[in-house]
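# Coordinate analysis (summary)
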Amino acid sequence: MTTLDAHSWLAEHGDYLFRMARRQLHSDELAEDAVQETLLAALSARARYTGDASPRTWLTGILKHKIVDQIRRQVREVELPRDQDGEEAVDLLFKQDGHWAEPLRPWGNPHTEAELSQLRRVLDECADRLKPVMAQVFSLREVAGLETAEICKELDITPTNCWVLLHRARLFMRQCLELNGFSKAGAA
Amino acid sequence: MKWLPTCRETTALASRAMDARLSFADRLALRLHLAICRNCAQFNLQLHEMRRLFRAETGADDDAAALTADARQRIATELQKELDP
């Protein structure tokens, strides 16, 4: 019975877990590792699975921890940004007096499946263009939905550093989406 | 910070408000600025929009990405190793 379970998890939820991991880790290879670690962890913890949640929800919960582990490992290998990192790019968005350099355009309101999937592609591309640490903090917050206190702890960065990274990441993401046609005027 | 924050300062407040509860003074400053500034109001709206899009559960489903046959086989092998030691 357990044999069936572990292999059916892979068959039924493997791709789903892979996509979730890929969106946050921005790497096929790391996402595959995260799926494998998730299923192995699920296997050794299967006695604790009560059946209250669906298997997918349960596996997704385990996956989140594995993703955080992966990101923590990556962060150790990436240099944390100096305080000025990204500051110059932010300077371009504003005038000297602190006003926006360019007016912001309202975004379109995608409805059809095609529009939504186009939008998700742009979202992922923009996230890939963020500096690694910024992308990681942004993903943990906006995709995984972790609280900033958890993120600080996991990545061992100060809260101030965390706020600054999130602020910059959001400014860049917004800008990137607008430049890639996600505004009312440019919406296909 | 002056009594009314600049647009640049306001974007920092709006961003932080997505993650934590601001102090009374910061909340007031943010609200006042958003009430009179179309660009920052737009920015604030888009922060919420981005969150909604990123957290949409359906997000992962229409993505065509899938485990390769190789990866699937590798994982299945690892699982089997655990199952019969």
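Residues numbered from 1 in each chain as written. Chains lettered and ligands numbered in written order. Predicted model: local features only at pLDDT ≥ 70, side-chain atom pairs only at ≥ 80, totals over all residues.

A few words on the confidence of the model for chain A. Per-residue confidence for chain A gives a mean pLDDT of 82; residues scoring 70 or more make up 89%. Per-residue pLDDT, averaged within each element of chain A, yields its smallest value for helix α5 (residues 113-129) of chain A (79) and its largest for helix α2 (residues 28-44) of chain A (93). (pLDDT = per-residue confidence, 0-100. Helix = DSSP H or I, 4+ residues; strand = E, 2+ residues; numbered from the N terminus.)

Moving on, we come to the confidence of the model for chain B. Atom-level detail of predicted coordinates should not be read off regions where pLDDT is low. Residues and elements named next belong to chain B. Residues with a pLDDT of 70 or more make up 88% of chain B, whose mean pLDDT is 87. When mean pLDDT is taken per element in chain B, helix α1 (residues 7-17) scores highest with 97 and helix α3 (residues 38-55) scores lowest with 91. Across the assembled chains, the prediction reports ipTM 0.76 with pTM 0.74.

What follows is about the environment of Gln36 of chain A. Looking at where Gln36 of chain A falls in the secondary structure, it is placed in helix α2. Classification of Gln36 of chain A by C-beta neighbours within 10 Å gives buried; the count is 22. Residues Gln36 of chain A and Leu116 of chain A lie 80 residues apart in sequence; the distance between their C-alpha atoms is 30 Å. Ignoring sequence-local partners within four residues, the contact set of Gln36 of chain A consists of Ile75 and Glu78 of chain B. (Buried ≥ 20, exposed ≤ 12 C-beta atoms within 10 Å, placed from the backbone. Contact = placed C-beta atoms within 7 Å.)

With that out of the way, let us pick up the packing of α1 of chain B against helix α2 (residues 24-36) of chain B. Residue and element names in this part refer to chain B. Where α1 contacts α2, the two axes come as close as 10 Å, and the packing angle between them is 120°. Our pair here, α1 against α2, has a crossing hand that is left-handed. Listed contacts from α2 to Thr10, Leu13, Ala14 and Ala17 of α1 are Asp26, Ala29, Leu30 and His33. Residues of the contact of α1 with α2, tallied by class, amount to five nonpolar, two polar and one charged. (Axes fitted to C-alpha atoms, helices over the stretch in contact; angles between N-to-C directions. Left-handed = near helix turned anticlockwise from the far one by under 90°. Nonpolar A, V, L, I, M, F, W, Y, C, P; charged D, E, K, R; others polar.)

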